[in-house]
Amino acid sequence: MRIGSSLGSRSLLFSRLVCNKAKFRPVNVIIASMAEAHISSSSAGAPAADYKPRYADIGINLADPIFRGRYHGKPRHPDDLQDVVSRAVEVGCTKLIVTGSSFKSSRDALKLAQEFPGTVYTTAGIHPCSSSIFSPSHHKHHDESQSEDEGEAEHTPACDPDPTKPIPDGEGVDHARSERIVADLAALIAQARSSSAPPGGGLVAFGEFGLDYDRLHYCSREVQLHSFSVQLALAASLDPPLPLFLHSRAAHDDFVRLLREGLGPRLEKLRGKGGVVHSFTGTVEEMRELMDPAGLGLYIGVNGCSLKTKENCDVVREIPLDRLMLETDGPWCEVRPSHEGWKYLVEWEKQEKERKGKLAAAAAAATAAATDGAAAAVADGAAAADGAATAGNEDANQEGQEKKQQKQKQQKQQQQQQQPSKKKNQKKEPEVPERYKTVKKEKWEQGAMVKGRNEPCTIERVAKIVAAIKGVSVEEVCEAAWKNTVKVFGLDEIQE
Ligand SMILES: [Zn+2]
């Protein structure tokens, strides 16, 4: 028995027990209340004061073992995937499109779609950084690579470039192996689509696939180009076609060329399904070429990696709302204080605090005015009743009033004495409020997020930054991204 797997299943059991014990709100209950809240918010055009954002995370690597508490092949804490999903749903992120970036993660993502029907959807494909399976130097057949003890290799590829890794020598393509891989991927997709629970297996996109020249150390350019074009041919052969979930890094010209060669200049072979280029970090010109409605007509996915630098943020400003999708790409791509996007988040939170402060002040003033009016009415009534009161009663009332005033004075003094020490012990308020406690993985605790492990509930930060950059409301950003996502991936057609 492998230590990893026995611990893994025990952790899962532990997590479920704790969940039950803590009466964790089931995901479907939270979704129902979110939906209710959304319906109650006005849809009449103007942003409603009680608007509850709804998010679809189009790129979340929930099949990564890190969400089961496993880091680099070692169990570090109990499986808390259920909590991760619950936190997402709690913030309004009720749709999670889990990225399949290899055979293993695509299969695991499909299992998650069964586990969380109506919440988790999936993609299936081979990421450029997982494409060395097409080369002869990859000694493991992809179907055998299902061991859970592969250490680092079991993690989904990060979207960050990693310049510390050596670049391997030129690798060729093993064509016989390539044919087997494509046939196996076609079979995996066909099997998922034949499923009825959830409908279509929850599979809503082909991918993640594309090109990544920032990370040739995982796979050579030649093999990446091969992987991308054979998968495009497979995507073109699907009936009905699936929309695409694409990855492009420092490879724009080749990326666009292969898309056009494989699917037509307007992606005609997809028969209107289209797709998204996720985790976008390219230039404005590149973005325009990808989005061009008379050309490829693709959508643009934004996560923390798209908000790192000033140049990134300038590009995000130019994304029309009707082409935007939101994602976290967790466990990767979190927004960090060193990123340009963070400044926008701080500013957004500052303005939100001011707005709430003004609302509270106005509400307090209204209450005070109402109370004054009521007090005046009471005083009038009391004056009329006074005529009937006896002298003895008046004395008793006066005594009671004096006692009351004295007590209030004492309370006020006590409060004033307590205040300085309270201030001293007060923790400095963070620039950006933390909705959930965050702890290091070594100090994992139920209900807390893990430092450095990005998860879908942080999508609200991405939405706030995009809203601040574009100078529009979060509601406009969320609603546009939601509608684009539901439309492209047909989420309204696939119900629980
Ligand atoms: Zn990617």
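Please read these numbers as outputs of a predicted model, since none were measured by experiment.

Draft legend 1. Structural detail: the overall build of the protein. Each helix and strand counted, the protein has 13 helices and twelve strands in total. Within the protein, the fraction of its 496 residues that count as buried is 39%.

Draft legend 2. Spatial organisation of helix α3 (residues 81-91). Burial runs high along α3: nine of the eleven residues are buried. Leu81, Asp83, Val84, Val85, Ser86, Arg87, Ala88, Val89 and Val91 are the residues of α3 that are buried. The first or second residue beyond α3 is glycine 92, which carries a positive phi of 105°.

Draft legend 3. Looking closely at the pairing of strand β9 (residues 299-302). By the alternation rule, side chains of β9 split into Tyr299 and Gly301 and Ile300 and Val302, which are all buried. Sheet analysis places strand β8 (residues 275-277) next to β9, joined by two bridges and oriented parallel. Considered in β9, the bridge of valine 276 is made with tyrosine 299. Chirality of the crossover, the property in question, places the unit of β8, helix α8 (residues 284-291) and β9 among those that are right-handed. Read from β9 through helix α9 (residues 310-317) to strand β10 (residues 324-326), the crossover connection turns out right-handed.

Draft legend 4. How the structure looks around the packing of helix α5 (residues 175-193) against helix α6 (residues 221-237). Where α5 contacts α6, the two axes come as close as 11 Å, and the packing angle between them is 40°. Viewed along their axes, α5 and α6 adopt a mutual orientation that is oblique. The hand of the α5/α6 crossing is right-handed. Contact residues: α5 offers Ser178, Val182, Leu185 and Ala186, while α6 offers His226, Val230 and Leu234. Residue composition of the contact of α5 with α6, by class: five nonpolar, two polar and no charged.

Draft legend 5. Layout of unusual backbone geometry. Residues alanine 197 and proline 198 are joined by a peptide bond in cis, for which omega reads -5°. Tracing the backbone through its elements, the reader meets proline 198 in the loop between α5 and β6 (203-212). Even without a glycine there, the phi angle at leucine 267 is positive, about 50°. Assignment of secondary structure puts leucine 267 in the loop between α7 (252-263) and β8. Using a count of 25 C-beta atoms within 10 Å as the deciding quantity, one classes leucine 267 as buried. Despite not being glycine, cysteine 333 shows a phi value in the positive range, around 60°. Looking at the element boundaries, cysteine 333 is found in the loop between β10 and α10 (340-386). Given 24 C-beta atoms within a 10 Å radius, cysteine 333 is considered buried.

Draft legend 6. Quick look at the sheet that holds β9. Spatial ordering of the open sheet is given by β1-β4-β5-β6-β7-β8-β9-β10, a layout of eight strands whose pairing is parallel. A strand with exactly one partner marks an edge of an open sheet, and here the two such strands are β1 (55-60) and β10. Across this sheet, the average inter-strand angle for adjacent strands is 30°, counted without regard to direction. Taken together, the three bridges between strand β7 (residues 244-249) and β8 define a ladder with parallel strand orientation. Residue phenylalanine 245 lies in a different strand from β8, and its bridge partner there is valine 276. Lying over the sheet, α6 contacts β6 and β7, oriented at roughly 155° with respect to β6.

Draft legend 7. Quick look at the nonpolar core. Formed by 95 residues in total, the largest nonpolar core has its most connected members in Ile97, Val98, Val276, Ile300, Leu326 and Ile465. Residue contacts for isoleucine 300: discarding those within four places in its chain leaves Val276, Val277, Phe280, Met287, Leu290, Met291, Ile319, Arg323, Leu324 and Met325.

Draft legend 8. The packing of α6 against α7, seen in detail. Between α6 and α7, the least distance of the axes is 9 Å, while the angle of their chain directions is 30°. Relative to α7, α6 is oriented so that their crossing is right-handed. Packed against α6, whose contacting residues are Leu225, Phe228, Ser229, Leu232, Ala233 and Ala236, the element α7 presents Asp254, Leu258, Leu259, Gly262 and Leu263 at the interface. Residues that form the contact of α6 with α7 fall into these classes: eight nonpolar, two polar and one charged.

Draft legend 9. Spatial organisation of the pairing of strand β5 (residues 120-124). Buried residues dominate β5, accounting for five of its five residues. Side chains Val120, Thr122 and Ala124 of β5 all project onto a buried face; the interleaved residues Tyr121 and Thr123 project onto the opposite face, where all are buried too. Sheet analysis places strand β4 (residues 93-98) next to β5, joined by three bridges and oriented parallel. Counted as the bridge partner of leucine 96 is valine 120 from β5.

Draft legend 10. Molecular detail of α8. The set of residues buried in α8 consists of Met287, Leu290 and Met291. One face of α8 carries all of its buried residues, which in axial projection span an arc of 90°. Against the buried residues of α8 lie β8, β9 and α9.

Draft legend 11. Just the environment of arginine 107, in detail. Structurally, the position occupied by arginine 107 is in helix α4 (residues 103-115). Residue arginine 107 is classed as partly exposed on the basis of its C-beta count, with 17 C-beta atoms lying within 10 Å. Sequence-wise, arginine 107 and isoleucine 189 are 82 residues apart; in three dimensions their C-alpha atoms are separated by 9.8 Å.

Draft legend 12. Molecular detail of the confidence of the model for the protein. The pLDDT averaged across the protein works out to 83; a share of 72% of its residues lies at or above 70. This stretch, residues 387-396, has a pLDDT under 50; its non-local contacts, to residues over four places away or in other chains, come to one contact.

Draft legend 13. View of the environment of methionine 291. With respect to the helices and strands, methionine 291 occurs in helix α8. Along the chain, methionine 291 and proline 320 lie 29 residues apart, while their C-alpha atoms are 9.5 Å from each other. Apart from the residues within four sequence positions on either side, methionine 291 is in contact with Leu298, Ile300 and Arg323.

Cut-offs and rules
Residues numbered from 1 in each chain as written. Predicted model: local features only at pLDDT ≥ 70, side-chain atom pairs only at ≥ 80, totals over all residues. Helix = DSSP H or I, 4+ residues; strand = E, 2+ residues; numbered from the N terminus. Buried ≥ 20, exposed ≤ 12 C-beta atoms within 10 Å, placed from the backbone. Pairing = 2+ DSSP bridges. Right-handed = clockwise from strand over helix to strand, strands pointing away. Axes fitted to C-alpha atoms, helices over the stretch in contact; angles between N-to-C directions. Parallel < 35°, antiparallel > 145°, perpendicular 65-115°, else oblique. Left-handed = near helix turned anticlockwise from the far one by under 90°. Contact = placed C-beta atoms within 7 Å. Nonpolar A, V, L, I, M, F, W, Y, C, P; charged D, E, K, R; others polar. Core = buried A, V, L, I, M, F, W, Y, C linked by C-beta atoms within 7 Å. Arc of directions from axis to C-beta. pLDDT = per-residue confidence, 0-100.

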